[in-house]
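# Residue-level structure breakdown
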Amino acid sequence: MSMTPAPLKGEAPSPQSLGIPRIRIAVSSCLLGEKVRFDGGHKRDTYVTEALTAYFDFVPVCPEVAIGMSVPREPIHIVKTEQGLRVRGTRHRDLDVTDKLRQFGEAMAEELGDIELGDIDGYILKKDSPSCGMERVRVHGTGGAPSRTGVGMYAQAFMARRPWLPVEEEGRLNDPVLRENFFERVFVHYRWRQMQAEGMTPATLVEFHSRHKFAVMAHSQAAYRRLGRLVAKAGSEPIETLATAYEAELMSALKKCATRRGHANVLMHLLGFLRTQLDKEDRAELLESIENYRLGLVPLVVPITLLKHHFRRHPNPYVNKQYYLNPHPPELMLRNLI
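I will try to describe carefully the structure that is included in this document.

About the thresholds
- Residues numbered from 1 in each chain as written.
- Predicted model: local features only at pLDDT ≥ 70, side-chain atom pairs only at ≥ 80, totals over all residues.
- Heavy atoms only, no water.
- Phe/Tyr/Trp six-rings, centres within 6.5 Å; stacked < 30°, edge-to-face > 60°.
- Buried < 20%, exposed > 50% of the residue type's maximum accessible area, 1.4 Å probe, protein only.
- Helix = DSSP H or I, 4+ residues; strand = E, 2+ residues; numbered from the N terminus.
- Pairing = 2+ DSSP bridges.
- Contact = heavy atoms within 4.5 Å.
- Polar contact = N/O pair within 3.5 Å; in protein donor to acceptor, adjacent residues only side chain to side chain.

## A short note on the packing of aromatic side chains
By the definition in use, this model includes 13 aromatic pairs. Seen from their ring centres, phenylalanine 182 and phenylalanine 183 are 4.9 Å apart, and the 70 degrees between their planes marks the pair as edge-to-face. The pair formed by phenylalanine 182 and phenylalanine 183 is uniform in burial state, with each residue classed as buried. With centroids separated by 5.4 Å and ring planes inclined at 10 degrees, the aromatic side chains of tryptophan 192 and tyrosine 246 adopt a geometry described as stacked. Separated by 54 residues along the polypeptide, tryptophan 192 in helix H5 (residues 176–198) and tyrosine 246 in helix H9 (residues 239–255) bring together distant segments of the chain. Across this residue pair, the class does not change: tryptophan 192 and tyrosine 246 are buried.

## Description of the pairing of strand E3 (residues 76–81)
Of all 6 residues in E3, 5 are buried, a share of seventy percent or more. With 6 bridges connecting them, E3 and strand E4 (residues 84–89) associate as antiparallel partners. Among the inter-strand pairings, valine 79 is bridged to a residue of E4, identified as arginine 86. Between E3 and E4, which pair antiparallel one after the other, the connecting turn spans 2 residues.

## What about the environment of threonine 49?
Relative to the elements of secondary structure, threonine 49 occurs in helix H1 (residues 46–51). For the pair threonine 49 and glycine 33, spaced 16 residues apart in sequence, the C-alpha to C-alpha distance is 8.3 Å. With sequence-adjacent residues up to four places away left out, threonine 49 is seen in contact with Leu31, Leu32 and Arg44. Here the side chain of threonine 49 touches arginine 44 through a polar contact of 3.1 Å, side chain to side chain.

## Things to note about the environment of methionine 200
Within the secondary structure, methionine 200 sits in the loop between H5 and helix H6 (202–211). C-alpha separation for the pair methionine 200 and alanine 243, spaced 43 residues apart in sequence, amounts to 8.3 Å. When sequence neighbours within four positions are dropped, the list of residues in contact with methionine 200 reads Trp192, Met195, Leu205, Ile239 and Ala243.

Pasting the structure below:
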């Protein structure tokens, strides 16, 4: 696997030129247009089925169908009981699929993480679902109106087994910041998994850390320092132990969305690599672009594009290795609205 980001010269890179084949992500089947819902319908999501198809292979999953429920079927919901939260039929309380959904979530966490079968690098779940919702799912039986405090039973079991896998709901992907954050994590997860598959060594861990420096800094400088202390132990501690700790720290840091202030700090660091190459006017233009971004007047793609322009004219080997400038295919336009 090539760990080198897309070159800064020429046209916008394809996924293949980024060294990334079509990435596998799991998706709730109904979002792909499959008629698996309780009423025999679907919830096809056009962003998933149209904008993402050039870059991702989808692994459809419908927990209800997988555990043997029919289509159509009696609706289910989460109910608060003396035995805890249960997933039961809305008409027949003796219909209880709680344990089946949990067991299927645990089984899929293992199956979709099998290297030989082909791991996934992300999961898009159906919001509000008593099986798949990742947050704010209605819980009944709390007195009065249902509370928005639940997590889908399948999703809860799955995420507990795969805590560092990027997971989002299709509804939250309508938020540009959450959308960019999710896909940044998907591509980082892919690169991390590929490095592990090829055989991680102290040298490859150090290289991975170096090339993700600015990406992590945009999310948390403190996390970057903690990751640096872990990498400093490479060669003196078992690589498996370091890798486990590093992945947890890395994916936890990236899960927190980067702020404008965090991005602006990284942009200023990158500007520092051009301090001797730019004339007064070019430097002033870049500074103004970064400040306008920090103030929310322009999206991130504006200063990023300007920086890329100058690094094409004045290549820097260290900067060219950084994934921050090319974290995902530009055709996805993930930085155009943040």
